[in-house]
Amino acid sequence: MSEEIERIAVMTSGGDSPGMNAAIRAVVRAGIHYGLDVYGIRQAYRGLVNGDFERMETRDVGGIIQRGGTILQTARLPEFKEEKYQREAIRHLNEHDIDGLIVIGGDGSLAGALALHRRGVRVIGIPGSIDNDIWGTASSIGVDTALNTILESIDRLRDTASSHERVFLVEVMGRHCGYLAIVAGLVTGAEMVLIPEQEVSLDEVGEVLEDAYLKGHSHAMVIVSEGANLKCAEIADYLNKHDIGFEVRITILGHVQRGGRPTAFDRLLATRFGVAAVETLLEGKSGVMVALEGTSIVTRDLEDIIGKQRPINPDHVRMADLLTR
Ligand code: ADP
Ligand code: F6P
């Protein structure tokens, strides 16, 4: 790689998240503004390993800021942890004379970015994942949109739950991180939230719901993070056997949470991250992720981020305990 940056590439990786397109747009247009040639890599590390590169111009990213998903598509390639695949990726970057790579994705994707940096590739990460599990940034691209989708879904479920005097067990995404669940619980006024960071027993869930029934609640909402120690099905079995008063229904929100038009917050965050990533490359930095700290965009060393679990905000847990039961 030359010292001078003339040609950069951008890719989206891992689970898609609303706002990734806004970030691609910002990278392409900022890159062109600074006189760079910009390439898009299709389907994440798979495209990198297969040499699936295409030149991107200003017009290629027109009309995408409002679209969910990613025009570059994404993929998961577990083999990218292996040296053989990383070397193949570097060969293709060199073949295309790429001086800097921007990786938009979650913690796995950023681990791939770090692996490339350690092998001498100039690389910048942009946090993009609905899970909000990336250490060192207040938010990742897509979190706000996913939360709004969850919020709208739970508001709708509440209408039918109260009409039928039912408890709804609503599973939300987040992998090993309870962020989406706990914040969704706070903003929907759920009776209970189950997160991976805090184990609960079936008896505890039963007690909370029976208590809500005896207090005369017309319905109850339990938000269950997909990584929580209890699954919706086993909770439903338990509640049905113990007759807590309410009828029980399960809703798995699933991939609905990953799609849709990005909110204003996510579009702005993605735009700021995209521009900052290009400018950070031009400053000569590598092996860093752009991040949100307070209202500012900062950079963090990937070495300090990868392998760390973003902790759940204790204030969120405290407020959930205080308000939701
Ligand atoms: P996310 O980026 O959303 O967390 P994954 O954890 O599935 O999603 O990671 C996306 C991709 O990043 C993986 O399919 C793989 O190609 C790459 N990747 C993940 N972990 C590593 C690692 N330790 N080293 C190199 N590449 C990795
Ligand atoms: O990381 C984003 C995420 O949506 C997680 O919340 C979820 O566990 C996972 O991806 C689902 O992955 P897939 O789309 O491969 O089923």
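As a starting point, this report considers the structure included with it.

### Some points on the site of ligand 1
Okay, so step 1: The local shell around ligand 1 holds 16 residues, among which R76, L77, D107, G108 and S109 are the closest.
Okay, so step 2: Residue G15 places a main-chain N or O atom 3.3 Å away from an oxygen atom belonging to ligand 1.
Okay, so step 3: Within the backbone of G108, an N or O atom sits 3.0 Å from an oxygen atom of ligand 1.
Okay, so step 4: Relative to its unbound accessible surface of 560 Å², ligand 1 loses 84% to contact with the protein.
Okay, so step 5: Counting atoms within 2 Å of the grid points, the majority share of ligand 1 lands in the largest pocket.
Okay, so step 6: Top contributing element to the shell around ligand 1 by residue count: helix α4 (residues 107–118), with five residues.
Okay, so step 7: A per-class count over the shell around ligand 1 returns five nonpolar, seven polar and four charged.

### Focus: the site of ligand 2
Okay, so step 1: Residues in contact with ligand 2, as listed here, are R76, D131, M173, G174, R175, E226, H255 and R258.
Okay, so step 2: A distance of 3.2 Å is found between an oxygen atom of ligand 2 and a backbone nitrogen or oxygen belonging to G174.
Okay, so step 3: E226 is positioned such that a nitrogen or oxygen atom in its side chain is 2.6 Å from an oxygen atom of ligand 2.
Okay, so step 4: Here ligand 2 has 400 Å² of accessible area as a free molecule, and 74% of this is covered by the chains.

### Section: the sheet that holds strand β2 (residues 37–41)
Okay, so step 1: In space, the seven strands of this open sheet follow the order β3-β2-β1-β4-β5-β10-β11, with mixed pairing throughout. The open sheet terminates on both sides in strands that have one partner only, identified here as β3 (53–56) and β11 (296–301). Going across the sheet, the axis of each strand differs from the next one's by a mean of 30°, ignoring polarity.
Okay, so step 2: Judged from the two bridges that link them, strand β5 (residues 123–127) and strand β10 (residues 288–293) form a sheet pairing that is parallel. If you follow I124 over to β10, its bridge partner there is V288.
Okay, so step 3: Docked against the sheet, helix α1 (residues 20–33) engages β1 (7–12), β2, β3, β4 (100–105) and β5, running at close to 165° with respect to β4.

### Digging into the packing of aromatic side chains
Okay, so step 1: Going through the model one piece at a time under the given rule, you end up with two aromatic pairs.
Okay, so step 2: Consider the rings of Y45 and F80, whose centres lie 4.1 Å apart with planes at 20°: the pair is stacked. Of the two residues, Y45 sits in helix α2 (residues 44–50) while F80 sits in the loop between β3 and α3 (83–95), which places them 35 residues apart along the sequence.
Okay, so step 3: A relative accessible area of 4% means that F80 is categorised as buried.
Okay, so step 4: Relative to F246, the ring of Y213 has its centre 5.1 Å away and its plane inclined at 85°; by these criteria the two rings are edge-to-face. One end of the pair, Y213, is in helix α7 (residues 202–214); the other, F246, is in the loop between α8 (232–242) and β9 (247–252), and 33 residues separate them in sequence.
Okay, so step 5: Taking relative accessible area as the criterion, F246 reaches 5% and is therefore assigned buried.

### Description of the pattern of salt bridges
Okay, so step 1: Here the structure, examined in full by the defined rule, presents 16 salt bridges.
Okay, so step 2: One salt bridge in this structure joins D16 and R258, with 2.7 Å as the shortest N-O distance. Pair noted here: D16 is in the loop between β1 and α1 and R258 is in the loop between β9 and α9 (264–282), with a separation of 242 residues, a long-range link. For the pair D16 and R258, one class covers both residues: buried.
Okay, so step 3: For the salt bridge of E247 with R166, the shortest nitrogen-to-oxygen distance reads 2.7 Å. Taken together, the positions of E247 in strand β9 and R166 in strand β6 (residues 166–172) put the pair 81 residues apart, joining distant regions of the chain.
Okay, so step 4: Judged by its relative accessible area of 40%, E247 falls in the partly exposed class.
Okay, so step 5: Each member of the salt-bridge network shares a partner with another, and the members are R7, D37, R55 and E57.

### Concerning the layout of surface pockets
Okay, so step 1: If you add up the space inside the largest pocket, you get close to 610 Å³.
Okay, so step 2: Lining of the largest pocket is provided by 28 residues; of these, G14, R76, G108, S109 and R175 occupy positions nearest its centre.
Okay, so step 3: Looking at the lining of the largest pocket element by element, the count peaks at six residues for α4.
Okay, so step 4: No fewer than three residues from each of domain 1 (7–142 + 262–305) and domain 2 (144–258) sit in the lining of the largest pocket.

### Observations concerning the sheet that holds strand β8 (residues 220–225)
In a beta sheet, neighbouring strands are held together by backbone hydrogen bonds and run either parallel or antiparallel to one another.
Okay, so step 1: As summarised here, the arrangement of the four strands in space is β7-β8-β6-β9, forming an open sheet in which the pairing is parallel. What marks the edges here is a single partner per strand, and that holds for β7 (192–194) and β9. The sheet shows a mean angle of 20° between the axes of neighbouring strands, direction not considered.
Okay, so step 2: Taken together, the six bridges between β6 and β9 define a ladder with parallel strand orientation. From the neighbouring strand, F168 faces β9, where its bridge partner is R249.

### Digging into the side chain of T145
Okay, so step 1: Along the chain, the position of T145 falls in helix α5 (residues 143–164).
Okay, so step 2: For T145, the contacting residues outside a window of four places in its chain are P18, R261, P262, T263 and D266.

Conventions and cut-offs
- Residues numbered from 1 in each chain as written.
- Chains lettered and ligands numbered in written order.
- Predicted model: local features only at pLDDT ≥ 70, side-chain atom pairs only at ≥ 80, totals over all residues.
- Heavy atoms only, no water.
- Near = heavy atom within 4 Å.
- Polar contact = N/O pair within 3.5 Å; in protein donor to acceptor, adjacent residues only side chain to side chain.
- Areas by Shrake-Rupley, 256 points an atom, 1.4 Å probe, with all protein chains shown as cover.
- 1 Å grid on protein atoms, 1.4 Å probe; cavity = no way out; pocket = protein on both sides within 12 Å on 5 of 7 lines; lining within 4 Å.
- Sits in = over half its atoms within 2 Å of the grid points.
- Helix = DSSP H or I, 4+ residues; strand = E, 2+ residues; numbered from the N terminus.
- Nonpolar A, V, L, I, M, F, W, Y, C, P; charged D, E, K, R; others polar.
- Pairing = 2+ DSSP bridges.
- Axes fitted to C-alpha atoms, helices over the stretch in contact; angles between N-to-C directions.
- Contact = heavy atoms within 4.5 Å.
- Phe/Tyr/Trp six-rings, centres within 6.5 Å; stacked < 30°, edge-to-face > 60°.
- Buried < 20%, exposed > 50% of the residue type's maximum accessible area, 1.4 Å probe, protein only.
- Salt bridge = Lys/Arg side-chain N within 4 Å of Asp/Glu carboxyl O.
- Points joined across faces, edges and corners; volume = space filled by probe spheres on them.
- Domains from an automatic or database assignment.

Scope: geometric values only; no functional claims are made or implied.
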